[in-house]
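# A structural walkthrough
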Amino acid sequence: GVMTGTLVTTFMGYDAVSKREEIVGFPSHDDYIRDLKNSLGSMEVTGYELKNIDDIEKPVVRTLDIKLRAFEPEVSNFLFNPFFLDKWSENPFKSKQRLYPVDFGTPLERTTIFNLEYPSDFEIVNMPEKVGLSLPNTGGRFLFEAVGLGMNKLTMTNSLSIRKTVFSSTEYHYLKELFDRILQVQSGELIFKKKI
């Protein structure tokens, strides 16, 4: 019931600047990782590597070896939410209407690729549906797809791209609706059932 894996996160542009500032704010890289471990809850970090902290021409790359209890060994089925990291906890657009523009400051791009190999004596009962949403006037898009690969492998791709930096008050409800749908997708859980 223990899941192990590697989590590679690449920070580019303004995200890389913010991550560098965060990391160098600690006395050592070990102190940064210790602080990060505290924020990960039940996930255990068994090893790490930080690249390009001092090279501002390249993106910051953080690699974590992780361990996580996914289910108890004696169970015949279990739920698993693959968005256990870097998911939106709430919609940032709460108001029913907005009287002034939304300014993101810079374009936003977040892509997550999740590869899962699960025990061959289990099967996924509910393969998630593909989702593709676009904002008007090529303002941005959200794409989600889960694909089964072979008998016991799954790849999920989750991509959010906000291309426009300023959205007018009349475009606000499109943003609100987009993030409502993202939250809906990210709250979905995979149901695993033991094969008979």
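The coordinates are above.
Residues numbered from 1 in each chain as written. Predicted model: local features only at pLDDT ≥ 70, side-chain atom pairs only at ≥ 80, totals over all residues. Heavy atoms only, no water.

## Concerning the environment of His29
For His29, the position within the fold is in helix α2 (residues 29-39). Separated by 20 residues in sequence, His29 and Glu49 have C-alpha atoms that sit 9.2 Å apart. Apart from residues no more than four positions distant in its own chain, His29 is found in contact with Ile23, Tyr48, Leu50 and Ile53. (Helix = DSSP H or I, 4+ residues; strand = E, 2+ residues; numbered from the N terminus. Contact = heavy atoms within 4.5 Å.)

## Some words on unusual backbone geometry
Even without a glycine there, the phi angle at Asn52 is positive, about 65 degrees. The topology assignment puts Asn52 in the loop between β2 (44-51) and β3 (60-69). Given the relative accessible area of 24%, Asn52 is considered partly exposed. The phi angle at Asn137 is positive, at roughly 55 degrees, despite the residue not being glycine. Among the secondary structure elements, Asn137 is positioned in the loop between β8 (131-134) and β9 (140-148). (Buried < 20%, exposed > 50% of the residue type's maximum accessible area, 1.4 Å probe, protein only.)

## A short note on the layout of surface pockets
Computed from the structure, the second largest pocket encloses a volume of approximately 200 Å³. Around the second largest pocket sit 14 residues that line it, and Pro128, Glu129, Phe144, Val185 and Gly188 are the ones nearest its centre. Looking at the lining of the second largest pocket element by element, the count peaks at 3 residues for helix α3 (residues 172-186). Residue composition of the lining of the second largest pocket, by class: 8 nonpolar, 3 polar and 3 charged. (1 Å grid on protein atoms, 1.4 Å probe; cavity = no way out; pocket = protein on both sides within 12 Å on 5 of 7 lines; lining within 4 Å. Points joined across faces, edges and corners; volume = space filled by probe spheres on them. Nonpolar A, V, L, I, M, F, W, Y, C, P; charged D, E, K, R; others polar.)

## Looking at the sheet that holds β3
Here we have 3 strands laid out as an open sheet, ordered β1-β3-β2, and antiparallel in their pairing. Each edge of the open sheet carries a strand with a single partner, namely β1 (2-11) and β2. Across this sheet, the average inter-strand angle for adjacent strands is 15 degrees, counted without regard to direction. As defined by bridge partners, β2 adjoins β3 across 7 bridges and the pair is classed as antiparallel. Bridge pairing in β3 links Glu44 to Lys67. Packing of helix α1 (residues 13-24) onto the sheet brings it into contact with β1, β2 and β3, and relative to β3 it is tilted by some 70 degrees. Most of the contacts of α2 go to β2, to which it runs at about 135 degrees, and overall it touches β2 and β3. (Pairing = 2+ DSSP bridges. Axes fitted to C-alpha atoms, helices over the stretch in contact; angles between N-to-C directions.)

## Remarks on a nonpolar patch on the surface
Together, Leu79, Val125 and Ile191 make up an exposed nonpolar region whose accessible area comes to about 240 Å². Secondary-structure assignment places Ile191 in strand β12 (residues 190-194). (Patch = residues over 30% accessible without salt bridge, like charges linked within 9 Å, V, L, I, M, F, W, Y side chains within 5 Å. Areas by Shrake-Rupley, 256 points an atom, 1.4 Å probe, with all protein chains shown as cover. Salt bridge = Lys/Arg side-chain N within 4 Å of Asp/Glu carboxyl O.)

## Things to note about the pairing of strand β10 (residues 153-162)
Burial within β10 is extensive, with 8 of its 10 residues counted as buried. Judged from the 10 bridges that link them, strand β6 (residues 108-117) and β10 form a sheet pairing that is antiparallel. Its bridge partner lying in β10, Phe114 is registered against Met156. Once β9 ends, the chain turns through 4 residues before running back antiparallel as β10, passing Gly150 with a positive phi of about 75 degrees.

## So, the sheet that holds β9
Taken in spatial order, the 4 strands of this open sheet run β6-β10-β9-β8, and their pairing is antiparallel. Bordering the open sheet on either side are β6 and β8, each of which pairs with just one other strand. Strand-to-strand, the axes of this sheet are offset by a mean angle of 5 degrees, without reference to chain direction. As paired elements, β8 and β9 share 4 bridges and run antiparallel to each other. Opposite Gly132, over in β9, you have Leu143 as the bridge partner. Its contacts with the sheet put α3 on β8, β9 and β10, and the angle it makes with β10 is roughly 165 degrees.

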